[in-house]
Amino acid sequence: MNPLDAFTDPLFRLPLGTGLLAAAVLPLLGTLLRLREEWLAALGLAHISAAGALAGMGLGVPAIAGGPLAAGVAAAFKTLSAVRGNTVYALMILLGWSATLILAANTPLGKSLAHAMVDGQLYFAGWVELIGLLAFAAVTLPALPWLMRRLIRARFFPEYERANRLPAWRWHLSFDLLVAGGMALGTATLGLMGAFALVFLPAWASFAVAPGWRAVLGVALALGVGGYGLAFTAAMMGDQPFGPVLVGVLLVVTAAVRAGAGLRPGGGLTRQGPGS
Amino acid sequence: MVQATARDTTQEQAAATAPDATAGALVTAEEVVVGYARPVLGPLTFRVAPGDVVGVWGPNGAGKSTLLKALAGTARVLSGRLNVSREGRIAYQSQQPVRLPEMPLTGRELLAYLGADASTAPQRLQGWLDQRMDRLSGGQFQLLTIWACLGGSADLVLLDEPSNNLDPEGVEALADILAARRGREAVLVVSHEAPFLERVATRRLEVGP
């Protein structure tokens, strides 16, 4: 297949556009998750959303609604209980994984849906996923500048909110719900690991090379969208499952970017000692 | 518990030079005891008015940081009264500012997100503002976070051991920054270095066993 055909084939336009939206928004969320050192939470929410999608199917709720609902409940619990840290995120991963496979074994069509969730099912993404991601992007992109200011302040001056009696739960919960929604929609569209890779890898690379925060956002966006485009082409041309190809491409590209940063004079993340 | 007492060494002088200090005070403490599960410091009685630079001095372990935390709401007031005006903002720099392994923000971006004015930052800071924060030395980062607190719109600034990580030149720069802020926002500076507080504070609050 000609590489251009992958982008122009009418059969794949809808999946292409749907995945592109996820590839643009998830890396932006990933930068804030990395700054908050909460990127593992994204994998936990992806697993919970997969389990929620399957559980919803069993109850007659569409997967596109069940996934975000379950992930949203998990995110709300995370914020309101003030429970943080890798232990909780690991528990979310294990709970989601266990529930997904048990539900898959015990619900009609569960096995094939669980397989699609894990492998990535982009080629089957339709109008429902596209509209879901459009709505998600329409909420997330305007909210990010407002959230970013507060989340960055909270990261570097965590006492500020309490000292000034600010209703901080509003922006922490809002961000956690956006991540939950993004991971659930991303998992439904790109598969569990594909969505996680888009949150984790572009931010991981951009943190190493970007000279400032604006550049972090730009590099993460470019790596997410560029990696997605490459993966889409490679998967179509090679007739390969999309999820693993996306993860592989993003791994290679972002590892190369980070390695390149380390080789540059003055590159890498060396910290100077005390003294001014 | 450190059974601490307090002495506002220049209260009389301050009252003479700032006659309106008791009216419109930003902080009023009356026989306040602060701590966590148990008392750490107190009883203390003092006031902080707009424009004061109050140096909180005492030996290590006296509970100076706990006092600032009580003002910021992260330590408890166990008895007495501690009234902090809620009309303005409070900025608080903890003894160990958050310093992440990767901080891909420039100093200028951090100041912008915190609402601090980069254009009026001291000359010494200007040369570093466009560098990533994780490329700054400990002292440079310390001065940046101090300016993030002072250069914003806070009416009350709490600085906990701000001379940590600073070499002698950095301490000089910090003293200049604080001297330039006199008469503007109120600042409480905690330090165990008496000579430093002598230079920067308009009043001194001694705490200790």
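Every value quoted in this text rests on a predicted model; they were computed, and no experiment measured them.

Definitions and cut-offs
Residues numbered from 1 in each chain as written. Chains lettered and ligands numbered in written order. Predicted model: local features only at pLDDT ≥ 70, side-chain atom pairs only at ≥ 80, totals over all residues. Heavy atoms only, no water. Buried < 20%, exposed > 50% of the residue type's maximum accessible area, 1.4 Å probe, protein only. Helix = DSSP H or I, 4+ residues; strand = E, 2+ residues; numbered from the N terminus. Pairing = 2+ DSSP bridges. Salt bridge = Lys/Arg side-chain N within 4 Å of Asp/Glu carboxyl O. Contact = heavy atoms within 4.5 Å. Nonpolar A, V, L, I, M, F, W, Y, C, P; charged D, E, K, R; others polar. 1 Å grid on protein atoms, 1.4 Å probe; cavity = no way out; pocket = protein on both sides within 12 Å on 5 of 7 lines; lining within 4 Å. Points joined across faces, edges and corners; volume = space filled by probe spheres on them. Core = buried A, V, L, I, M, F, W, Y, C linked by side-chain atoms within 4.5 Å. Phe/Tyr/Trp six-rings, centres within 6.5 Å; stacked < 30°, edge-to-face > 60°. Lys NZ or Arg CZ within 6 Å of the ring centre and 35° of its normal. Expected span 1.5 Å × (residues − 1).

Novice: Kindly report on the pairing of strand β4 (residues 53-57) of chain B, identifying the contributing residues and their values.
Specialist: Residues and elements named next belong to chain B. A large share of β4 lies buried, amounting to four of its five residues. Examined bridge by bridge, β4 and strand β8 (residues 186-191) share five bridges and lie parallel to one another. For Val54, the partnering residue across the bridge sits in β8 and is Leu188. Across four bridges, β4 lies against strand β9 (residues 203-208) in parallel orientation. Within the sheet, the bridge partner assigned to Gly55 lies in β9 and is Arg204.

Novice: Give a description of the pattern of salt bridges that names residues and reports values.
Specialist: This model, assessed by the stated rule, comprises 13 salt bridges over all chains. A salt bridge links Glu102 of chain B to Arg34 of chain A; its shortest N-O distance comes to 3.1 Å. Placement of Glu102 of chain B in the loop between β6 (89-93) and α3 (107-114) and of Arg34 of chain A in helix α2 (residues 10-35) is noted, with the two residues assigned to different chains. For Glu102 of chain B, a relative accessible area of 12% translates into the label buried. Residues Asp176 of chain A and Arg36 of chain A are paired through a salt bridge, measuring 3.7 Å at the closest nitrogen-oxygen approach. Here Arg36 of chain A lies in the loop between α2 and α3 (39-58) and Asp176 of chain A lies in helix α9 (residues 169-190), a separation of 140 residues in the sequence. Overall, the relative accessible area of 12% leaves Arg36 of chain A in the buried class. When salt bridges that share partners are traced, they join Arg34 and Arg258 of chain A together with Glu102 of chain B into one network.

Novice: With reference to specific residues and values, describe the interface of chain A and chain B.
Specialist: The partner chain B presents 43 residues to the 39 residues of chain A that form the contact. Summed over the shared surface of chain A and chain B, the result is two salt bridges. Broken down by secondary-structure element, the contributors of at least two residues to the side of chain A that touches chain B are α2, α7 (127-156), α8 (160-163), α10 (192-209) and α11 (213-238) of chain A. With six residues, the top contributor of residues to the side of chain A that touches chain B is α7 of chain A. Class assignment for the residues of the side of chain A that touches chain B results in 18 nonpolar, ten polar and eleven charged.

Novice: Can you tell me about empty space enclosed by the protein, naming the residues and giving the values?
Specialist: This structure, assessed with the given rule, holds four cavities of 30 Å³ or more. Quantified by volume, the largest cavity comes out at close to 40 Å³. Around the largest cavity, the lining residues are Phe156, Phe157, Pro158 and Glu159 of chain A together with Tyr92, Gln93, Ser94, Pro97 and Val98 of chain B.

Novice: Requested: an account of the nonpolar core, with residues and values cited.
Specialist: Ranked by size, the top nonpolar core spans 119 residues in total, and within it Phe156 and Trp213 of chain A carry the most contacts. A per-element tally of this core places α2 of chain A first, with twelve residues. Look past the residues within four positions of Phe156 of chain A in its chain and what remains in contact with it is Leu35 of chain A together with Val98, Leu100, Met103, Leu105, Leu110 and Met133 of chain B.

Novice: Let's hear about the packing of aromatic side chains: which residues, and what values?
Specialist: Within a pair of aromatic rings, the relevant descriptors are the distance that separates the centres and the angle that separates the planes. Applying the stated criterion across every chain yields a total of eight aromatic pairs over all chains. Ring centres of Trp146 of chain A and Trp171 of chain A lie 6.0 Å apart, and the angle between their planes is 80°; this geometry places the pair in the edge-to-face category. One end of the pair, Trp146 of chain A, is in helix α7; the other, Trp171 of chain A, is in helix α9, and 25 residues separate them in sequence. Look at Trp146 of chain A and you get partly exposed, because its relative accessible area is 40%. Given the relative accessible area of 6%, Trp171 of chain A is considered buried. One aromatic cluster is present, built from ring pairs that chain together Trp39, Phe196, Phe200 and Trp204 of chain A. Of note, Arg34 of chain A hangs over the ring of Phe207 of chain A, and the distance from its end group to the ring centre comes to 5.7 Å. The side chain of Arg204 of chain B reaches across the aromatic face of Trp57 of chain B, ending 5.5 Å from its centre.

Novice: Give me unusual backbone geometry: which residues, what numbers.
Specialist: Excluding glycine, residues mostly carry a negative phi; peptide bonds, for their part, are mostly trans. All names here are of chain A. Even without being glycine, Glu37 reaches a positive phi, approximately 55°. Relative to the helices and strands, Glu37 resides in the loop between α2 and α3. Residue classification places Glu37 among the partly exposed residues on the basis of a relative accessible area of 46%.

Novice: Which residues make up the environment of Phe141 of chain B, and what values do they have?
Specialist: Residues and elements named next belong to chain B. As for its position among the elements, Phe141 is in helix α5 (residues 138-150). Taking C-alpha positions, Phe141 is 9.3 Å from Trp128, a pair spaced 13 residues apart along the chain. Once residues within four sequence positions are removed from consideration, Phe141 is found in contact with Pro97, Val98, Arg99, Met103, Met133 and Leu136.

Novice: Break down helix α6 (residues 168-181) of chain B for me, citing the residues and quoting the values.
Specialist: All names here are of chain B. Along its 14 residues, α6 runs 20 Å from first to last C-alpha, staying within 8% of the 20 Å computed at 1.5 Å per residue. Residues Gly170, Val171, Ala173, Leu174, Ala175, Ile177, Leu178 and Arg181 constitute the buried set of α6. Trailing α6 by a residue or two, Gly183 shows a phi angle of about 85°, which is positive.

Novice: Help me get a handle on the layout of surface pockets, residues and values and all.
Specialist: Residue and element names in this part refer to chain A. What the largest pocket holds in volume is close to 450 Å³. Around the largest pocket, the lining comprises 16 residues; the ones closest to its centre are Arg84, Ala154, Pro158, Glu161 and His172. If you tally residues by element for the lining of the largest pocket, the top one is α7, at three residues. Residues of the lining of the largest pocket, tallied by class, amount to eight nonpolar, two polar and six charged.

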